[in-house]
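Inside the fold
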Amino acid sequence: MDKTQILRAAEYLKDRSQSIVMIMHTSPDGDAVGSSLAFYDYLLNAGYSNIHVIAPNPYASFLHWIPHHDKVIIAEKEKEKAKDLISSASILFCLDFNGFSRVNHLEKVLRDSKGVKIMIDHHPGPESGFDLVFSDTDASSTAEMVYEFIAGLGDTEKISLQAAQCLYVGIITDTGSFSYGCNNPRTYEIVARLIEKGVDGAHIHHLIYSTYTIDRMRLLGYCLSERLTVMPEYQVAFIALSKEDLKKFNHQEGDTEGVVNYALAIRDISLAVLFTEKNNYVKVSFRSVGDVDVNKLARNYYEGGGHKNAAGGKSFRSLEHTVTSFISLVKGSS
Ligand code: 5GP
Ligand code: MN
């Protein structure tokens, strides 16, 4: 991590009584939650007291065991409190996102805040408007970058077991448990340091991946047996879920996480999509292998973005319309 940038951040961080806010992107994933709470824990350990963590909306229950989960302010539930904290903060750490629209209903208050905005993120194409930008598309996760940031400050001894657990969550969830986006030895060096802090990798893996409710497991089965369409001639597979489908399985936040990966796991499929009908839009989730650039696809057609091989966006057409136009897009672009 750039030393000059770290020194600038250290300068901003001098006053330990100032108000510091960590903010996550909408529908925060393990990396957003893990990196924000790890940084929160570090700041606590380093003697800062006026610190808060804000998520625009709730996150999946398989992350609710994470250290400091109870400290996260869910802006959808505590709107005024979240907005006041953001507008009055001296420093805002924007973790795991690089554009203001990613915080949805908090976009305006974040943009308008006079606080110093520090981005730590690993997605391509960071937007302008941030005061200090740590952007590294080669990093496996924002959690890895948070570790490097703390290391740059010379403070790794202030990473507690709790912070190490949070960072570990960020790294494993963004790499599919070390199966993609982590071909750099540095990721494993950092993981080694986290294990030295006492992280129990097998236990964390269990908490995240083996705590399905029965409804969630049956929904996964239903997605694969009833809602999966394969277009082998285009190497495309997709799953489309309606609101009724979700209701049938008593859908909870996070229940469809990981479903799209199953479509990508089919032999010779290089593009997988999950369409999920929400109240006012259809959420579109992309995964790909090799040179199929889903970041571009999400940016060009679905008002979204992400990484080359994992991205997301939205469609404001009906579910049916969204699916038919996606099929036309696939057929047209071949
Ligand atoms: P997921 O499909 O798991 O929701 O998201 C996959 C990746 O795409 C993540 O890196 C996430 O940050 C990004 N992503 C998901 N939805 C959006 C979106 O609406 N806009 C942007 N810019 N990125 C998104
Ligand atoms: Mn991430």
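As the structure is a prediction and not an experimental result, all values here were calculated from the model.

As a further point, take the coordination of the manganese ion (ligand 2). Note on the manganese ion (ligand 2): its protein donors are D31 (OD), D96 (OD), H122 (NE2) and D174 (OD). The metal-donor distances range over 2.2 to 2.4 Å. In terms of primary sequence, the donors binding the manganese ion (ligand 2) are separated according to D-x64-D-x25-H-x51-D. One end of the pair, D31, is in helix α2 (residues 30–45); the other, D96, is in the loop between β4 (91–95) and α4 (107–112), and 65 residues separate them in sequence. Each member of the pair, D31 as well as D96, is classed as buried.

Turning our eyes to something else, we now look at the domain arrangement of the protein chain. What the domain assignment lists for the protein chain is domain 1 (3–209) and domain 2 (214–333). Summarising the inter-unit geometry, the C-alpha centres of domain 1 and domain 2 are found 27 Å apart. Each side of the interface is counted separately: domain 1 has twelve residues, and domain 2 has nine residues. Across the domain 1-domain 2 interface, the total number found is zero salt bridges. One can count two residue pairs in polar contact (both at pLDDT 80 or more) joining domain 1 with domain 2. Tallied by class, the residues present in the side of domain 1 that touches domain 2 amount to five nonpolar, six polar and one charged.

For the pair α2 and helix α6 (residues 161–174), the least separation of the axes is 7 Å and the interaxial angle reads 160°. By the criterion of interaxial angle, the relationship of α2 to α6 is roughly antiparallel. The hand of the α2/α6 crossing is left-handed. Contact residues: G30, D31, G34, L37, A38 and D41 in α2; Q162, A163, C166, L167, V169, G170, T173 and D174 in α6. Residues of the contact of α2 with α6, tallied by class, amount to six nonpolar, five polar and three charged.

Moving on to the site of ligand 1. Neighbouring residues of ligand 1: 13 residues in total, closest R102, H123, K283, S285 and R287. Within the contact set of ligand 1, an oxygen atom lies 2.9 Å away from a side-chain nitrogen or oxygen of H123. Taking G312, its main chain carries an N or O atom lying 3.3 Å from an oxygen atom of ligand 1. The protein chains hide 78% of the 500 Å² of surface that ligand 1 would expose on its own. For the shell around ligand 1, the element with the most residues is strand β12 (residues 310–315), which contributes four residues. Its residues assigned to classes, the shell around ligand 1 comprises two nonpolar, eight polar and three charged.

Another point: the sheet that holds strand β11 (residues 305–306). An order of β7-β8-β9-β10-β12-β11 is seen for the six strands of this open sheet, with the pairing classed as mixed. Looking at which strands have only one partner, the edges of the open sheet turn out to be β7 (228–231) and β11. Pairing between strand β9 (residues 271–277) and strand β10 (residues 282–288): seven bridges, direction antiparallel. In the strand pairing of β10, T276 is matched with K283. Each of β7 and β8 (236–241) touches helix α9 (residues 214–226); the most contacted strand, β8, lies at about 125° to it.

Further remarks concern the environment of K308. With respect to the helices, strands and loops of the structure, K308 is situated in the loop between β11 and β12. Taking the relative accessible area as the measure of exposure, K308 reaches 36% and is therefore partly exposed. K308 sits 223 residues away from L85 along the chain, and the two C-alpha atoms are 34 Å apart. Dropping the residues within four chain positions of it, K308 is found in contact with S288, G290, D291, V292, D293, V294 and N295. Among the polar contacts listed, one links the side chain of K308 to the side chain of D291, at a separation of 3.3 Å.

Below, the discussion takes up the pattern of salt bridges. In this structure the tally under the stated criterion is twelve salt bridges. Ionic pairing is found between D112 and K108, a salt bridge with its closest N-O pair at 2.5 Å. You can see D112 and its partner K108 sitting in helix α4, four residues apart, about one turn around the helix. One salt bridge connects R186 with E148, and the closest N-O pair in it is separated by 2.8 Å. You can see R186 sitting in helix α7 (residues 185–196) and its partner E148 sitting in helix α5 (residues 142–152), a full 38 residues away along the chain.

What counts and how
- Residues numbered from 1 in each chain as written.
- Chains lettered and ligands numbered in written order.
- Predicted model: local features only at pLDDT ≥ 70, side-chain atom pairs only at ≥ 80, totals over all residues.
- Heavy atoms only, no water.
- Donors = N, O, S within 2.8 Å, 3.2 Å for Na, K, Ca; no water.
- Helix = DSSP H or I, 4+ residues; strand = E, 2+ residues; numbered from the N terminus.
- Buried < 20%, exposed > 50% of the residue type's maximum accessible area, 1.4 Å probe, protein only.
- Domains from an automatic or database assignment.
- Contact = heavy atoms within 4.5 Å.
- Salt bridge = Lys/Arg side-chain N within 4 Å of Asp/Glu carboxyl O.
- Polar contact = N/O pair within 3.5 Å; in protein donor to acceptor, adjacent residues only side chain to side chain.
- Nonpolar A, V, L, I, M, F, W, Y, C, P; charged D, E, K, R; others polar.
- Axes fitted to C-alpha atoms, helices over the stretch in contact; angles between N-to-C directions.
- Parallel < 35°, antiparallel > 145°, perpendicular 65-115°, else oblique.
- Left-handed = near helix turned anticlockwise from the far one by under 90°.
- Near = heavy atom within 4 Å.
- Areas by Shrake-Rupley, 256 points an atom, 1.4 Å probe, with all protein chains shown as cover.
- Pairing = 2+ DSSP bridges.

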